Amino acid sequence: MQSWQIKALELEASGLKHLDGFIHEHALYFLIGAIYLLLVLLVWVERGIATQRRKIHHSCPVSLFYSSAGTATTAPGHVRPISTAAPFGALQSR
């Protein structure tokens, strides 16, 4: 074996030793992380299967909420007209 192969094997053994120690000390965190990654993989695979079945082309995500903070929608000094519809309380009094 060459020296770089020996060094690679030593690094691999050291990494596996540290991973083994992490799993023994933090088993719950490792399990939660593994389950999360498996769920992400499952969703990715299922989405790919559904896309192939329906022949859906890639679509861009759409924002469902629009914020107009900081933008003026009407000219300054312009007052919006009051609606002519009956108020909610007037409809209930009938």
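Residues numbered from 1 in each chain as written. Predicted model: local features only at pLDDT ≥ 70, side-chain atom pairs only at ≥ 80, totals over all residues. Heavy atoms only, no water.

Student: How would you explain the overall build of the protein chain if you had to name every residue and give the values?
Tutor: Check the secondary structure of the protein chain and you find three helices and zero strands. Counting from the amino terminus, the protein chain carries its helices and strands in the arrangement α-α-α. Taken as a whole, the protein chain presents about 9,600 Å² of accessible surface, with 67% of it coming from carbon and sulfur. (Helix = DSSP H or I, 4+ residues; strand = E, 2+ residues; numbered from the N terminus. Areas by Shrake-Rupley, 256 points an atom, 1.4 Å probe, with all protein chains shown as cover.)

Student: If you had to explain a nonpolar patch on the surface to someone new, which residues and values would you point to?
Tutor: Together, Leu28, Leu31, Ile32, Ile35, Leu39 and Leu42 line one region of the surface with nonpolar side chains, adding up to about 580 Å² of accessible area. Leu42 gets classed as partly exposed once you look at its relative accessible area, which sits at 47%. (Patch = residues over 30% accessible without salt bridge, like charges linked within 9 Å, V, L, I, M, F, W, Y side chains within 5 Å. Salt bridge = Lys/Arg side-chain N within 4 Å of Asp/Glu carboxyl O. Buried < 20%, exposed > 50% of the residue type's maximum accessible area, 1.4 Å probe, protein only.)

Student: How would you explain the confidence of the model for the protein chain if you had to name every residue and give the values?
Tutor: When pLDDT drops low, the exact placement of atoms in the prediction is not to be read closely. In this model, the protein chain carries an average pLDDT of 76, and 55% of its residues clear a pLDDT of 70 or more. Per-element confidence in the protein chain ranges from a low mean pLDDT of 53 for helix α3 (residues 88-92) to a high of 92 for helix α1 (residues 3-25). (pLDDT = per-residue confidence, 0-100.)

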